[in-house]
Amino acid sequence: MDIGALFATPAEVARRPWENDVHMIGVSSLAAGHLTLVPELKAELAQQGRPDILVVAGVLYRRTINAALYAAGAVANLRAGDDIGDARRICWRNSMRIWAMRSNPARQPEG
C-alpha cells in the first residue's frame, strides 16, 4: 500500500503507478468531484501508458452515483462506514472480474 498526497491532480496521481508499482488507486473527494475526477484520472492513466490500473471511488451516497462512476471507469464504490473486510472483498471481486475480462475479451461481464 502506498499513500499519496492528500490533495493531488489526476495527472499527479497517474504518475504514482510508475513510481510505486501500484495496481489500484482509491479516489475520494469531499467536494463531490468523483464524476469529474474518475474520468480525468482514467484518461491520464491511459495517456501515461497505464490503462490497466484500476480505480476505486470513495463516496458518501453509493446509490446515487454508482452507475455513473462505473461508466466513468471505477471498478468499485466504497462509502464511509463500510467494513474494511467487505471493502477488500468488493475491490478483490471486482478487480478479478475486470482482469479476467481483459485477458479474455470474448467473456461477457457478469450481471
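Computed from a prediction, not measured in an experiment: that's the story for all the values here.

A.B. asks: Would you explain the overall build of the chain in this entry?
C.D. replies: When its secondary structure is counted, the chain shows 4 helices and 3 strands. Order of helices (α) and strands (β) in the chain, N terminus to C terminus: α-β-α-β-α-β-α. Residues classed as buried in the chain amount to 31% of the 111 residues present. Within the chain, contacts between residues at least 6 apart in sequence are counted, and of these 49% link residues at least 24 apart. Roughly 7,300 Å² of accessible area belongs to the chain as shown, and the carbon and sulfur atoms make up 58% of that amount.

A.B. asks: What is the right way to look at the pattern of salt bridges in this model?
C.D. replies: For side chains bearing opposite charge, pairing can occur when the charged atoms are close. Within the structure shown, the criterion is met by 1 salt bridge. The residue D52 makes a salt bridge to R50 at a minimum N-O spacing of 2.9 Å.

Definitions and limits used
Residues numbered from 1 in each chain as written. Predicted model: local features only at pLDDT ≥ 70, side-chain atom pairs only at ≥ 80, totals over all residues. Heavy atoms only, no water. Helix = DSSP H or I, 4+ residues; strand = E, 2+ residues; numbered from the N terminus. Buried < 20%, exposed > 50% of the residue type's maximum accessible area, 1.4 Å probe, protein only. Contact = heavy atoms within 4.5 Å. Areas by Shrake-Rupley, 256 points an atom, 1.4 Å probe, with all protein chains shown as cover. Salt bridge = Lys/Arg side-chain N within 4 Å of Asp/Glu carboxyl O.

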